[in-house]
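For reference, the chains in residue letters:
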Amino acid sequence: MKPLQHIFVSSVIATALLGGSSALAAGLDADALKSSNGQILSDISTLAGIGDFEDRDGDASKAAFRAPSSVLQLADGSILIADTRNHVIRKMKDGLVTTFAGPEIAVVKNSQGFPTGGLLDGKAAEAFFNEPAGLASDTKGNVYVADAGNHAIRKIDVNGNVTTVAGNGVPGNKDGKGAAASFNHPSDIAVSPDGTVYVADSLNHTIRKIAVDGVVTTLTASVTRAIQVRPGEASFAGEYHDGSLSTATFNEPSGLALDSKGNLYVSDTGNQRIRYIDFASGSVTTIAGSTATGSSSTLYGKNELYAQGDFADGDALQAKFDFPKGLAVTPEGGLLIADSLNHSIRYLLNGQVSTISGTLQTGETDGVEQSAQFYNPSDVLATMQGNLVVADASNNKIRKITPYQLPGDVSKDGQVKVVSGNKLIAFDVQPEIQDGRTMVPVRAISETFGYKVTYVEKAGKSVVQLAKGDLTVEVTIGETGIVRKQVGVPDLKLETDAAPYVKQDRTYVPIRFFAEQIGLDVQWDASHQTAILRVKSYSN
């Protein structure tokens, strides 16, 4: 949703806020540590929100949102949040959440006790919004809001004054200047360096432009496809057509991002595709996404509003999305995509789509890569200090994705090393590789993760027991295999291809098999000869 190259962030303040690194600024993919299957290693945590459908400022860990739909980073490193169902814009800075624009306390509530929106300009604390969605900023620091429920584009200037740039609170589809123009549920905006504002006018299925003089024009074609939404009632629905800008059609576009050339990426949500508007050539092309049918004449079933969503990584034009929404451009020229109904964050780079984090299963678990879960993520922001920030709408949270980096004291000295998260594990004897397997002294690795080590004799064989709580893992010196014992569960015997052994009065075990049995994610960084152990998932 935001052109990253136009954001300047104070590195000191921003790093304090987000705990960042410089990985993303250099290249999210190019400089990332990756798994054996090419997955970018990352850790997902909760940045703000307790998950309740509520309205609460204060400490970020105790704050509450209602369906946050967009995130934007300001020059001071703070994060703005479109708190859509609370009808306000929130601000997160130095671990605190405050109300940036809109009333701090809901003035009017509906019959269910939820806040209702309104349309009122004025000082930020006195202004009213109605389901604010997309956020963007210009080079002067003014903030623009796609105020979806008001069918208007609003502006919060650097002095804290809220004005309506275009639209009048009434849904419509009319070009003109300022209040003479009308929109229908605009979901996102992007602002070019010259001050031109682009609008994803979602329910009009068009891309609009607001010139610096306030004149609104429509860049793309109007739709003509009509469907029966219920017996006796018809409605216009989105369409799909590439080609010249003036004849191209969309289906509920809901995400925008400008690239370094000033061209526009569009999340064509109802068509399950990512489109690209090249202003120099005046053309629209599909750059990612496909559906089961795939041709413009058969893209939709009878009376279907949308193309069929699905999930697939790989070649961009064969990849599949399910209601892609918010977008963000990275410095290396990639495009981050909040794939809302696939509950994941995807990445388009060099003609390939990959999944950064998330699974098809909804949830709010923090953890690593695909062990973490989202629920209808609607926007993603790439921060200058190397993190991704996600508006996790249906979890009512703001999440953080941190590309994993090795601890600074891990060197390329040719020796085998093991790290637990961001800490190098100290051993009194050196870990080593035997027959392609990383072997480590059992006591040091066990005690790192809180396991008690006991040696017993069984049938004349030396057995090592690693116990914590109701779980015990047994390995036998000189024999392959692991026995997993857990209270209330039958013993489980697992085959391994490496046997523990004794060397220098230390018992060495294969780290992968042990670590995986106690629920750890195990990765190997060959350049540093380092095994990386991380907790797969945890509650927040």
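Residues numbered from 1 in each chain as written. Predicted model: local features only at pLDDT ≥ 70, side-chain atom pairs only at ≥ 80, totals over all residues. Heavy atoms only, no water.

**Looking at the overall build of the chain**
- Along the backbone of the chain there are four helices and 46 strands.
- In terms of its C-alpha atoms, the chain occupies a principal-axis envelope of roughly 90 × 50 × 45 Å.
- Sorting the 540 residues of the chain into buried and exposed places 54% on the buried side.
- Taking contacts inside the chain between residues at least 6 apart in sequence as the whole, the part at least 24 apart equals 50%.
- Here the chain contributes 47 positive and 59 negative side-chain charges, whose respective centroids are spaced 2 Å apart. (Helix = DSSP H or I, 4+ residues; strand = E, 2+ residues; numbered from the N terminus. Buried < 20%, exposed > 50% of the residue type's maximum accessible area, 1.4 Å probe, protein only. Contact = heavy atoms within 4.5 Å. Lys, Arg positive; Asp, Glu negative; His and termini not counted. Charge placed at Lys NZ, Arg CZ, Asp CG, Glu CD.)

**A few points about the nonpolar core**
- V418, I445, I518 and L533 are the most contacted members of the largest nonpolar core, which totals 25 residues.
- Elements represented by at least two residues in this core include exactly α3 (442–448), β38 (461–468), β39 (471–476), α4 (511–517), β44 (520–525) and β45 (530–535).
- Counting residues per element, this core draws most heavily on α4, which supplies four residues.
- Setting aside chain neighbours within four positions, we find V418 in contact with K423, L424, I425, F427, V440, I445, I511, A531 and L533. (Core = buried A, V, L, I, M, F, W, Y, C linked by side-chain atoms within 4.5 Å.)

**Concerning the side chain of R399**
- Structurally, R399 can be placed in strand β32 (residues 397–403).
- Among the polar contacts made by the side chain of R399, one reaches the side chain of D366 at a distance of 2.8 Å. (Polar contact = N/O pair within 3.5 Å; in protein donor to acceptor, adjacent residues only side chain to side chain.)

**Re the sheet that holds β44**
- Within the open sheet, the four strands sit side by side as β34-β33-β45-β44. Their pairing is mixed. The open sheet has two free edges, formed respectively by β34 (423–424) and β44, since each of these has just one partner strand. (Pairing = 2+ DSSP bridges.)

**Observations regarding the UniProt feature "repeat: NHL" (unreviewed entry) in the chain**
- Under the present numbering, the feature "repeat: NHL" (unreviewed entry) in UniProt falls on residues 129–159, 177–213 and 250–274.
- Taken end to end, residues 129–159 has its terminal C-alpha atoms 18 Å apart, with 0% of it in helix and 52% in strand.
- Summarising residues 250–274: 0% helix, 52% strand, and an end-to-end C-alpha distance of 10 Å. (UniProt positions renumbered as here; feature names shortened; annotations may be inferred.)

**Re the packing of aromatic side chains**
- Following the criterion strictly, the structure yields five aromatic pairs and no others.
- Judged by centre distance (5.0 Å) and plane angle (55°), the ring pair of Y265 and Y276 falls under tilted. Of this pair, Y265 sits in strand β21 (residues 264–268) while Y276 is found in strand β22 (residues 273–278), placing the two residues 11 residues apart along the sequence.
- The class for Y265 is buried, based on a relative accessible area of 11%. (Phe/Tyr/Trp six-rings, centres within 6.5 Å; stacked < 30°, edge-to-face > 60°.)

**Some thoughts on the sheet that holds strand β8 (residues 132–137)**
- With antiparallel pairing, five strands are arranged side by side in an open sheet as β7-β11-β10-β9-β8. Strands with a single pairing partner mark the edges of an open sheet, and in this sheet they are β7 (122–123) and β8.
- Sheet analysis places strand β9 (residues 143–147) next to strand β10 (residues 152–156), joined by five bridges and oriented antiparallel. Among the inter-strand pairings, V143 is bridged to a residue of β10, identified as I156.

**Quick notes on empty space enclosed by the protein**
- Under the counting rule described, the total for this entry stands at three cavities of 30 Å³ or more.
- Estimated volume of the largest cavity: approximately 80 Å³.
- Forming the boundary of the largest cavity are 13 residues, of which N86, H87, P103, A106 and T116 lie nearest the centre.
- Each residue belonging to the lining of the largest cavity can be placed in one class, and the counts come to eight nonpolar, four polar and one charged. (1 Å grid on protein atoms, 1.4 Å probe; cavity = no way out; pocket = protein on both sides within 12 Å on 5 of 7 lines; lining within 4 Å. Points joined across faces, edges and corners; volume = space filled by probe spheres on them. Nonpolar A, V, L, I, M, F, W, Y, C, P; charged D, E, K, R; others polar.)

**Quick word on unusual backbone geometry**
- Backbone geometry places N303, a non-glycine residue, at a positive phi of 60°.
- Note that N303 resides in the loop between β23 (283–288) and β24 (314–315).
- For N303, a relative accessible area of 36% gives the class partly exposed.
- For D435, which is not a glycine, the phi torsion comes out positive at approximately 50°.
- Looking at where D435 falls in the secondary structure, it is placed in the loop between β35 (432–434) and β36 (437–441).

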